[in-house]
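Secondary and tertiary structure notes
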Amino acid sequence: DGGITQSPKYLFRKEGQNVTLSCEQNLNHDAMYWYRQDPGQGLRLIYYSQIVNDFQKGDIAEGYSVSREKKESFPLTVTSAQKNPTAFYLCASSGLRDYQATNEKLFFGSGTQLSVL
Amino acid sequence: QQQVKQSPQSLIVQKGGISIINCAYENTAFDYFPWYQQFPGKGPALLIAIRPDVSEKKEGRFTISFNKSAKQFSLHIMDSQPGDSATYFCAAPVSGGYQKVTFGTGTKLQVIP
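So, a few notes on the structure that sits alongside this text.

Scoring rules and cut-offs
- Here the residue index of a chain counts from 1 through its sequence in written order.
- Lettering of chains starts at A and numbering of ligands starts at 1, both following the order in which they are written.
- Confidence filtering applies because this is a predicted model: local features only for residues at pLDDT of at least 70, side-chain atom pairs given and counted only at 80 or more, and all residues used for totals across whole chains, interfaces and linings.
- With hydrogens and water set aside, each side-chain value is computed from the structure's full complement of heavy atoms.
- Pairing between two strands is assigned when DSSP locates at least 2 bridges connecting them.
- Working definition: helices are DSSP H or I runs of at least four residues, strands are E runs of at least two. Numbering for both runs from the N terminus.
- Axes, fitted as lines to C-alpha atoms, cover a helix only where it is in contact. Angles between the N-to-C directions of the axes lie from 0 to 180 degrees.
- Burial classes follow relative accessibility: with a 1.4 Å probe on protein chains only, a residue under 20% of its type's maximum area counts as buried, one over 50% as exposed, and anything between as partly exposed.
- We call a pair of cysteine sulfur atoms a disulfide whenever their separation is within 2.5 Å.
- By definition here, a salt bridge exists when the distance from a side-chain nitrogen of Lys or Arg to a carboxyl oxygen of Asp or Glu is within 4 Å.

All names here are of chain A. On the basis of which strands lie adjacent, the open sheet formed by four strands has the order β1-β3-β8-β7 and antiparallel pairing. The two strands at the open ends of the sheet, each matched to only one other strand, are β1 (4-7) and β7 (64-66). Adjacent strand axes in the sheet meet at a mean angle of 20° when their direction is disregarded. Sheet analysis places β7 next to strand β8 (residues 76-78), joined by three bridges and oriented antiparallel. Bridge pairing in β8 links V66 to L76.

Turning next to unusual backbone geometry. A cis amide bond links A:S7 with the next residue in sequence, A:P8, at an omega value of -5°. In this fold, A:P8 is placed in the loop between β1 and β2 (10-13). In this model, B:K71 sits at a positive phi of 55°, which is unusual for a non-glycine residue. For B:K71, a relative accessible area of 30% corresponds to the partly exposed category. Positioned with a positive phi, B:D79 is a non-glycine residue whose angle comes to about 45°. Mapped onto the elements of the fold, B:D79 is located in the loop between β8 (72-77) and β9 (86-93). A residue is classified by how much of its surface remains accessible, and B:D79, at 39% relative accessible area, is partly exposed.

Right, let's get into the state of the cysteines. Residue and element names in this part refer to chain A. This structure, assessed with the given rule, holds two disulfides over all chains. Two residues share a disulfide in this structure: C23 and C91, whose sulfurs sit 1.9 Å from each other. Its torsion about the S-S bond being -75°, the disulfide of C23 and C91 is classed as left-handed. Placement of C23 in strand β3 (residues 19-25) and of C91 in strand β9 (residues 87-94) is noted, with a sequence separation of 68 residues between them. Its relative accessible area of 1% is what places C23 among the buried residues.

Tallied over the full model, the rule gives five salt bridges over all chains. For A:D30, the salt bridge is made with A:K71, and the minimal N-O distance between the two is 3.5 Å. One end of the pair, A:D30, is in the loop between β3 and β4 (31-37); the other, A:K71, is in the loop between β7 and β8, and 41 residues separate them in sequence. In this structure, B:D84 engages B:R61 in a salt bridge whose closest nitrogen and oxygen atoms are separated by 2.8 Å. One end of the pair, B:D84, is in the loop between β8 and β9; the other, B:R61, is in the loop between β6 (56-59) and β7 (62-67), with 23 residues separating them in the sequence. Residue B:D84 is classed as buried on the basis of its relative accessible area of 4%. Salt bridges sharing partners connect three or more residues here, namely A:R36, A:D38 and A:R44.

Function-wise, these values are silent; they only describe arrangement.
Encoded structure:
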């Protein structure tokens, strides 16, 4: 089945530690995204990538880093500089936006819940 | 970046009733308005979407109404069912090319028997 796989489902971070969230897609999508979800605040964009080896900061990129070495993979690292990392992290992908096509949607993974020990 | 303002934050509806969620936008360049549905512990999934060249789109029990002059769009869930209990997000694209979107803050819907 085509889709997006996020792992792990639950992750705990110790103070001062960097942690990496995995995101893999087999939908052959060019674009991938990372969102952070906090209760009552909707989804906020952390980073996005439109093509391999290229990515752009979203609205809340501070304290996070990403890489896009392969089309299928877009890992997110939550660094020790992110002082409030507890949140639900969602990875998404999409095809090229085309008014006439059916690429007009984001496909989301099942998320990773990150908590601080 | 323009925002999308969503209301209400939470909603309780009796089974068989109509659920209505509203969103307002500011950026007139927005040309595509999707609604996503999210169940607890899962990622959102596209529910229904509309373009501003039509005023209404219906898919089963779900209808989007669009008011371009008021810069508002709403989701109506007819004959609401307990299985519809979820969080709903409206969204609008920020720029063309790829699906970089801005989301509303979400509405938690509970349908009670």
